[in-house]
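Each chain, letter by letter, is given below.
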Amino acid sequence: MSQLTLSIIKPDAVQRGLIGDILKMISDAGLKIKAMKMIQLTKEQAEGFYAVHKERPFFNDLVAYMISGPVVVSVLEAEGAIEKYRKLMGATNPEQAEEGTIRKRFALNIEANSVHGSDAPETAAVETSYFFNQLEQVG
Ligand code: CMP
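Since we're looking at a predicted model, the values are computed, not measured. (Residues numbered from 1 in each chain as written. Predicted model: local features only at pLDDT ≥ 70, side-chain atom pairs only at ≥ 80, totals over all residues. Heavy atoms only, no water.)

Undergrad: For this particular structure, what's the right way to read unusual backbone geometry?
TA: Excluding glycine, residues mostly have negative phi values, and the peptide bonds linking residues are mostly trans. Not every positive phi belongs to a glycine, and S114 is a case in point at roughly 70°. Checked against the element boundaries, S114 lands in the loop between α6 (102–106) and β4 (115–117). S114 sits in the buried class, given a relative accessible area of 0%. (Helix = DSSP H or I, 4+ residues; strand = E, 2+ residues; numbered from the N terminus. Buried < 20%, exposed > 50% of the residue type's maximum accessible area, 1.4 Å probe, protein only.)

Undergrad: Honestly, the nonpolar core in this entry has me stumped. Any pointers?
TA: Where a protein is soluble and globular, its nonpolar side chains tend to be buried together. Judged by nonpolar contacts, the single largest core of 19 residues is most densely connected at I9, I22, I26, L31, Y85 and I102. Those elements that place two or more of their residues in this core are α1 (11–15), α2 (19–28), β3 (71–79), α5 (81–89) and α6. Apart from residues no more than four positions distant in its own chain, I22 is found in contact with I9, A13, I102, F106 and V115. (Core = buried A, V, L, I, M, F, W, Y, C linked by side-chain atoms within 4.5 Å. Contact = heavy atoms within 4.5 Å.)

Undergrad: I keep staring at the site of the ligand and nothing clicks. Help me out?
TA: Residues in close proximity to the ligand include K10, Y50, H53, F58, L62, T92, R103, I110, E111, N113 and H116, which together make up its full environment. Side-chain polar atom of Y50 to an oxygen atom of the ligand: 2.5 Å apart, as the coordinates give it. Between the ligand and N113, the relevant distance is 3.2 Å, taken from an oxygen atom to a side-chain nitrogen or oxygen of the residue. Across the shell around the ligand, the residue classes break down as four nonpolar, four polar and three charged. (Near = heavy atom within 4 Å. Polar contact = N/O pair within 3.5 Å; in protein donor to acceptor, adjacent residues only side chain to side chain. Nonpolar A, V, L, I, M, F, W, Y, C, P; charged D, E, K, R; others polar.)

Undergrad: In this structure, what is going on with the packing of aromatic side chains? I would like to understand it.
TA: Each pair of aromatic rings is reported with the distance of its centres and the angle of its planes. Going through the model one piece at a time under the given rule, you end up with four aromatic pairs. Geometrically, the ring pair formed by F49 and Y50 is edge-to-face, given 4.9 Å between the ring centres and 80° between the ring planes. Neither F49 nor Y50 differs from the other in exposure class; each is buried. Between the aromatic rings of F49 and F131, the centroid separation amounts to 5.5 Å while the plane-to-plane angle is 45°, which identifies the pairing as tilted. One end of the pair, F49, is in helix α3 (residues 43–49); the other, F131, is in helix α7 (residues 121–131), with 82 residues separating them in the sequence. Across the pair, F131 and F49 agree in class, each one buried. In this arrangement the basic side chain of K37 is found over the ring face of F132, its NZ or CZ atom lying 4.6 Å from the centre. (Phe/Tyr/Trp six-rings, centres within 6.5 Å; stacked < 30°, edge-to-face > 60°. Lys NZ or Arg CZ within 6 Å of the ring centre and 35° of its normal.)

Undergrad: Help me understand the environment of E47 in this model?
TA: Turning to its location among the elements, E47 is positioned in helix α3. The partly exposed category is assigned to E47, whose relative accessible area is 26%. The contact partners of E47, leaving out residues within four places of it in the chain, are F59 and V63.

Undergrad: Looking at this structure, how should I read the pattern of salt bridges?
TA: Side chains that differ in sign of charge can pair as their charged atoms come close. Overall, the coordinates contain five salt bridges when judged by the stated rule. R16 is the salt-bridge partner of D12, the closest N and O atoms lying 2.5 Å from each other. A salt bridge links K37 to E136; the shortest N-O distance between them is 3.8 Å. Note that K37 is positioned in strand β2 (residues 32–39) and E136 in the segment after α7, a separation of 99 residues in sequence. We classify E136 as partly exposed; its relative accessible area is 36%. (Salt bridge = Lys/Arg side-chain N within 4 Å of Asp/Glu carboxyl O.)

Written out as structure tokens, the structure reads:
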């Protein structure tokens, strides 16, 4: 069944000029881009997006990193899009990511790990609607 997932190309990747390389990997993997924009998150927006992690020790650093520069958010569609994109991203910690994954190729460390993808259908629904309304999902 066709499924949606939210992708974020994070500040470390945008700053290093990797938007095009990452979008090509997304496209080559058969994930269709339904919506996309580049934005500068505010502190409040980053805190809201990562609210599930607010008790974690890395939360403040994560928010500071996510507002350190622009990000590219997109809605991706495919059969099993959530799992497909998680496989393409690789493990959260790039030291554990498999060859050929986005994080193995580009991530700097466990925080500056270049990309985010939704981890389940419930979070995908919340995360896509956090950044895009129905009318913006055109692809
Ligand atoms: P992401 O998949 O966007 O989900 C939470 C983010 O927190 C994660 O990617 C990393 O950017 C960041 N992070 C920093 N430290 C950790 C950690 N120890 N475990 C998990 N995520 C971390």
